[in-house]
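The primary structure of each chain is shown beneath.
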Amino acid sequence: MTDLVVPQNNPWNFAQKILFRFFFIYFVLFTSPWDTLSAIPGVHYITDLLDNAIVWLVIQCNEHFFRVFGVKHVQQVFNGSGDTSFDWAYNYLLLVLGVIGAVVWSLIDRKRKSYRQLNYLLCLFVRYSLAIISFGYGIQKIFALQMPFPSTSQLATPLGDLLPMRLSWLFIGYSTPYQVFSGVMEVVVTALLLYRRTATMGVLIGTAVFINVMMLNLCYDIPVKLFSMNLVLLCLYLAANEYRRISCFFWLNKTAAACSVYDYPLTKKWMRITRLVIKLGVVFLLCKSFYEALQYYHQRNTISNPKDFTPGVYDVITYVVNKDTLPPLITDSLRWKDVIIENNGSGSIHTMDTMFRKRYGRSYFNFTVDTLQPVIHFQKRAGDEADLFSLHYLRRDSNTLQLYGQRRNDSVFIELKRSARHFQLAERQFHWLSEANR
């Protein structure tokens, strides 16, 4: 068996050294470990300066060199998308810095025979980074937070009006058991990556899990393509470090040598202390991620509406503007046709009124209620300081709700009648026995 073990002290060839230098620079820049240090009091001033310098460099490089997808001026935005023009320019910059850094490093350090110690540290860093990222996504899925069950407004949206990304989100969110299963697999990856003896299995399962995520992002136009591709690249780097023993086990039908990638003799006390500090830091970040997910879960499940605003679909029976009753004409895009009230202080309206937040053919809003007045305050987004408008309300009976008051410069009166509309998807059907295709 000893003849199969590749001695770690063997000299590396030219390609191995070049590739290592590139990936070392690229992975460190991609994961930006200094952001974790910003939690330390006083350190965030330094990390903020570094982040601002990187943002400035991305903007300048794209304006003068990259021009990703023909876009000259990019700006960092935080809107949920990881595939903005800024993100692409940032990734271009990482690639360029990786190449330039590898060339300069090679010229300065030409006589180096191998990078065993640095590679050990890089693999350790990549392994823990993947574990933290995988746990963050996994715990969100276990609590069914990443892809919530389709809301009534989404159930009322015609399938053809949805974009591919939203369709995939609703597909996974519909089945809580499937989402939890996906989350469990990601948490299993984390657990396996944390221990040296099971790290190889964690890398293999993690590669499969993140390739699946990457393909979903690519095939359903989910704007996290860059990030998921980089996660796969991190997994492949770890797998490449063990390609000989993996190929022996899976394809060559030979005895596989023991893994030595994650073993390094820590001969000095400060090395052992540092390893312990790093492990404690990783455990702290995992606990923090779990606590935040748990807090969000409790917060989301404790929000409820005042009793007068029972969740459901409400047909607009009467719609009066300035004492003029508007009939429910198909050609009238501004008249409210139905109102959906969700159980979390939000809702949507079937109207093309641009005052609201438009999504997939419906107009979305958030609301707060003052039960003493009684008044309902409509907001474009949750937490907005300024209301879109406010209307008095009157609950006539358990199924009828009246809204009246001033909206912009118009007086309005709207009567809502709770509909008996039913959505089959809301039943969460499951059948062991199906006599016919559904």
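Figured I'd write up the structure that's included with this text. Quantities reported herein were computed from a predicted structural model and do not represent experimental measurements.

## A few points about the nonpolar core
So, point 1. Of all hydrophobic cores here, the largest spans 47 residues; its most connected members are Phe-27, Leu-130, Tyr-237 and Leu-238.
So, point 2. Taken together, the elements giving at least two residues each to this core come down to helix H1 (14-31), helix H3 (44-66), helix H4 (85-108), helix H5 (116-142), helix H8 (176-193), helix H9 (199-219) and helix H10 (225-240).
So, point 3. Not counting the four nearest positions on each side in its chain, Phe-27 is found in contact with Leu-122, Phe-125, Val-126, Leu-233, Leu-234 and Tyr-237.
So, point 4. Formed by 23 residues, the second largest nonpolar core is a distinct cluster that contains Phe-309, Phe-356, Tyr-393 and Val-412.

## Concerning H9
So, point 1. Taking 1.5 Å of rise per residue, the 21 residues of H9 would be expected to cover 30 Å, and the 29 Å separating its terminal C-alpha atoms lies within 8% of that figure.
So, point 2. Those residues of H9 that are buried are in contact with H5, H8, H10 and helix H11 (243-250).
So, point 3. Taken from the residues just after H9, Asp-221 is the one with a positive phi, measuring 55°.

## As for the pattern of salt bridges
So, point 1. The final tally for this structure, using the stated rule, is ten salt bridges.
So, point 2. The residue Lys-225 makes a salt bridge to Asp-83 at a minimum N-O spacing of 3.4 Å. You can see Lys-225 sitting in helix H10 and its partner Asp-83 sitting in the loop between H3 and H4, a full 142 residues away along the chain.
So, point 3. Accessibility expressed as a relative area gives 15% for Lys-225, which makes it buried.
So, point 4. A salt bridge links Asp-263 to Arg-196; its shortest N-O distance comes to 3.3 Å. Of this pair, Asp-263 sits in the loop between H11 and helix H12 (269-302) while Arg-196 sits in the loop between H8 and H9, and the two are 67 residues apart along the sequence.
So, point 5. By relative accessible area, which is 37% here, Arg-196 ends up partly exposed.
So, point 6. Taken together, the shared-partner salt bridges connect Asp-83, Asp-221 and Lys-225 into one network.

## Side note on the environment of Leu-238
So, point 1. Mapped onto the elements, Leu-238 comes out in helix H10.
So, point 2. Apart from the residues lying within four places of it in its own chain, the contact partners of Leu-238 are Cys-123, Val-126, Arg-127, Leu-130, Val-203 and Tyr-262.

## Thoughts on the state of the cysteines
So, point 1. All told, the structure shown has zero disulfides when counted by the stated rule.
So, point 2. The cysteine Cys-123 is free of any disulfide, with Cys-259 supplying the nearest cysteine sulfur at 8.8 Å.

## Side note on unusual backbone geometry
So, point 1. Cis geometry marks the peptide bond from Gln-373 to Pro-374, where omega comes out at -10°.
So, point 2. Looking at the element boundaries, Pro-374 is found in the loop between strand S6 (362-370) and strand S7 (375-379).
So, point 3. The backbone of Ala-144 sits at a positive phi, close to 55°, despite the residue not being glycine.
So, point 4. Here Ala-144 lies in the loop between H5 and helix H6 (152-155).
So, point 5. Phi at Tyr-360 takes a positive value of approximately 50°, unusual for a residue other than glycine.
So, point 6. In this structure, Tyr-360 sits in the loop between strand S5 (357-359) and S6.

## What to know about the pairing of strand S3 (residues 338-341)
So, point 1. Neither face of S3 is left uncovered, since the one carrying Asp-338 and Ile-340 and the one carrying Val-339 and Ile-341 both have all their residues buried.
So, point 2. Pairing of strand S1 (residues 312-321) with S3 involves four bridges; the strand directions are antiparallel. By the bridge assignment for S3, Tyr-314 is matched with Val-339.
So, point 3. Here S3 pairs with strand S4 (residues 346-349) via three bridges, running antiparallel. By the bridge assignment, Ile-341 is partnered in S4 with Gly-347.
So, point 4. The antiparallel hairpin formed by S3 and S4 contains four residues in its connecting segment, where Gly-345 sits at a positive phi of about 75°.

## What to know about the packing of aromatic side chains
So, point 1. All told, the structure shown has 36 aromatic pairs when counted by the stated rule.
So, point 2. Ring geometry for Phe-24 versus Trp-105: centroids 5.7 Å apart, planes at 75°, classification edge-to-face. Of this pair, Phe-24 sits in helix H1 while Trp-105 sits in helix H4; the two residues are 81 residues apart in sequence, bridging distant segments of the chain.
So, point 3. Between Phe-171 and Tyr-178, the ring centres sit 6.3 Å apart and the planes meet at 50°, which makes this aromatic pair tilted.
So, point 4. The exposed category is assigned to Phe-171, whose relative accessible area is 56%.
So, point 5. We classify Tyr-178 as partly exposed; its relative accessible area is 39%.
So, point 6. Feature note: the residues Phe-309, Tyr-319, Trp-336, Phe-356, Phe-365, Phe-367, Phe-378, Phe-389 and Tyr-393 constitute an aromatic cluster, connected by ring pairs.
So, point 7. Looking at Arg-127, its charged tip hangs above the ring of Tyr-262, at a distance of 4.7 Å from the centre.
So, point 8. If you follow Arg-407 out to its NZ or CZ, it ends over the ring of Phe-389, 5.8 Å from the centre.

What counts and what doesn't
- Residues numbered from 1 in each chain as written.
- Predicted model: local features only at pLDDT ≥ 70, side-chain atom pairs only at ≥ 80, totals over all residues.
- Heavy atoms only, no water.
- Core = buried A, V, L, I, M, F, W, Y, C linked by side-chain atoms within 4.5 Å.
- Buried < 20%, exposed > 50% of the residue type's maximum accessible area, 1.4 Å probe, protein only.
- Helix = DSSP H or I, 4+ residues; strand = E, 2+ residues; numbered from the N terminus.
- Contact = heavy atoms within 4.5 Å.
- Expected span 1.5 Å × (residues − 1).
- Salt bridge = Lys/Arg side-chain N within 4 Å of Asp/Glu carboxyl O.
- Disulfide = S-S within 2.5 Å.
- Pairing = 2+ DSSP bridges.
- Phe/Tyr/Trp six-rings, centres within 6.5 Å; stacked < 30°, edge-to-face > 60°.
- Lys NZ or Arg CZ within 6 Å of the ring centre and 35° of its normal.

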